[in-house]
Amino acid sequence: MPKHRLKDMTFLEFAERIADAKPVILIPLGSQEEQGPTCPMGDWMLTEALADRIAEQAGAVVAPTIPFGYADYFRPVPGGIQFRAGTFRAVLRDLCDAFLDHGLDRLLVFNGHSGNHPLIDETLRVLRAERGVVVPWVNVWRMIPPDLWTSVHGENAARAQGHGADPMTSVYLHVFPELLRPDLGQGANPGRTLLGLPTAGLAAVRFKGTDVNVPIDVTDHCDNGIVAGDPALASAEAGRAFADHIVAATVALVEHLKTIDPRSQGGRA
């Protein structure tokens, strides 16, 4: 079996791999941040594990995972490591350029931290304008469709979802069960205020039924890192279902990307 992890290849092996055809290169992004009291902080490990499965099944090459993201709202919690926005954009651009400089333009950003999304969009728009290549990305934890949530959690589907709960707690139970601390389990305890108004997640406060955007820290919203959801509803079985769906959907996307030219998609070279 050919190697699929770039970090495991010698430079001669990689040169041989790209000599006949351009493989799809997966670029996994994650974060080092609190995930509630029971889960480890390195959620990038889940992104890495899923990307590894995808690359192996799809015949792609997976780049080393970038373990830090733009997660400023977790800065008050010790153990988190956050890139500044400018640092994140520069790292992602440098990573893409490292492949584009060698004619490898079938790239797919596999983003495991939702907070990275707006900076990925900004960076890849500039990349398209300057280098004429369209680089797609997926937000890993947003790929789970409503019907799968219902299939896995039934009437508790809405209650199960949130930072510090599912889907990541269940996927941790599936992939790295030995790292969890169920003895530290707690329920969500939001209800704090900022500017004299109740917080609404990590981006807004509520004022007369309207969300007002403010720069919230997680500690403005809760004191145990569970932003929403009930982690007690998580299970390894649910994690397997979530992981299998994400892997299958991304494998299908990789197969499609093998068939297109990312430099001829809309006349904006």
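Here the structure is a predicted model, which means the values were calculated and not measured.

Parameters at a glance
- Residues numbered from 1 in each chain as written.
- Predicted model: local features only at pLDDT ≥ 70, side-chain atom pairs only at ≥ 80, totals over all residues.
- Heavy atoms only, no water.
- Pairing = 2+ DSSP bridges.
- Helix = DSSP H or I, 4+ residues; strand = E, 2+ residues; numbered from the N terminus.
- Buried < 20%, exposed > 50% of the residue type's maximum accessible area, 1.4 Å probe, protein only.
- Polar contact = N/O pair within 3.5 Å; in protein donor to acceptor, adjacent residues only side chain to side chain.
- Contact = heavy atoms within 4.5 Å.
- Axes fitted to C-alpha atoms, helices over the stretch in contact; angles between N-to-C directions.
- Parallel < 35°, antiparallel > 145°, perpendicular 65-115°, else oblique.
- Left-handed = near helix turned anticlockwise from the far one by under 90°.
- Phe/Tyr/Trp six-rings, centres within 6.5 Å; stacked < 30°, edge-to-face > 60°.
- 1 Å grid on protein atoms, 1.4 Å probe; cavity = no way out; pocket = protein on both sides within 12 Å on 5 of 7 lines; lining within 4 Å.
- Points joined across faces, edges and corners; volume = space filled by probe spheres on them.
- Nonpolar A, V, L, I, M, F, W, Y, C, P; charged D, E, K, R; others polar.

Draft legend 1. Structural context of the sheet that holds strand β6 (residues 197-200). In space, the 4 strands of this open sheet follow the order β5-β6-β7-β8, with antiparallel pairing throughout. Two strands close off the open sheet at either side, each with one partner strand: β5 (193-194) and β8 (210-213).

Draft legend 2. Just the side chain of D97, in detail. With respect to the helices and strands, the residue D97 is situated in helix α3 (residues 85-100). What makes D97 buried here is its relative accessible area of 15%. Only 3.0 Å separates the side chain of D97 from the side chain of R131, close enough to count as a polar contact.

Draft legend 3. How the structure looks around the sheet that holds strand β4 (residues 137-139). As summarised here, the arrangement of the 4 strands in space is β2-β1-β3-β4, forming an open sheet in which the pairing is parallel. Lying at the two open borders of the sheet, with one neighbouring strand each, are β2 (61-62) and β4. The sheet contact formed by strand β3 (residues 107-111) and β4 spans 3 bridges and is parallel. Looking at β4, one finds that V109 is bridged to W137. The strands touched by helix α9 (residues 236-257) are β3 and β4; relative to β3, the strand with the most contacts, the crossing angle is about 165 degrees.

Draft legend 4. Representation of the packing of helix α5 (residues 146-153) against α9. Across the interface, α5 lies against α9 with an axial gap of 10 Å and an inter-helix angle of 160 degrees. For the element pair α5 / α9, the angle class is roughly antiparallel. Pair α5 / α9 crosses with right-handed handedness. Contacts between α5 and α9 involve L148, W149, V152 and H153 from the former and A238, A241, F242 and H245 from the latter.

Draft legend 5. Region of the structure containing the side chain of T199. Position of T199 relative to the elements: it lies in strand β6. For T199, a relative accessible area of 11% gives the class buried. Polar contacts involving the side chain of T199 include one to the side chain of H221, which spans 2.7 Å. Among residues more than four places away in sequence, those in contact with T199 are R192, T193, L194, A204, V205, I216, D220 and H221.

Draft legend 6. Spatial organisation of the packing of aromatic side chains. For the structure on display, the rule yields 3 aromatic pairs. For the pair Y73 and F74, a centre-to-centre distance of 4.9 Å together with 80 degrees between the ring planes defines the contact as edge-to-face. When the ring of W149 is compared with that of F242, the centres are 4.8 Å apart and the planes differ by 50 degrees; the resulting orientation is tilted. Taken as a pair, W149 in helix α5 and F242 in helix α9 lie far apart in primary sequence, 93 residues in all. Each member of the pair, W149 as well as F242, is classed as buried.

Draft legend 7. View of unusual backbone geometry. The peptide bond linking D166 to P167 adopts the cis configuration, its omega dihedral lying at 15 degrees. By secondary structure assignment, the location of P167 is in the loop between α6 (157-160) and α7 (168-175). In this structure, L195 takes a positive phi of about 60 degrees despite not being glycine. For L195, the position within the fold is in the loop between β5 and β6.

Draft legend 8. Region of the structure containing the layout of surface pockets. For the largest pocket, the calculated volume is near 610 Å³. Every residue lining the largest pocket is counted, 25 residues in all, and those nearest its centre are S114, W141, R142, G162 and H163. Looking at the lining of the largest pocket residue by residue, the class counts come to 12 nonpolar, 9 polar and 4 charged.

Draft legend 9. The packing of helix α2 (residues 44-58) against α7, seen in detail. Remark: α2 packs on α7, axes separated minimally by 11 Å, with the N-to-C direction vectors making an angle of 65 degrees. Two packed elements cross with a definite hand, and for α2 against α7 that hand is left-handed. Judged by residue contacts, M45, L46, A49 and R53 of α2 engage M168, V171, Y172, H174 and V175 from α7. When the residues that make up the contact of α2 with α7 are grouped by side-chain class, the tally is 7 nonpolar, 1 polar and 1 charged.

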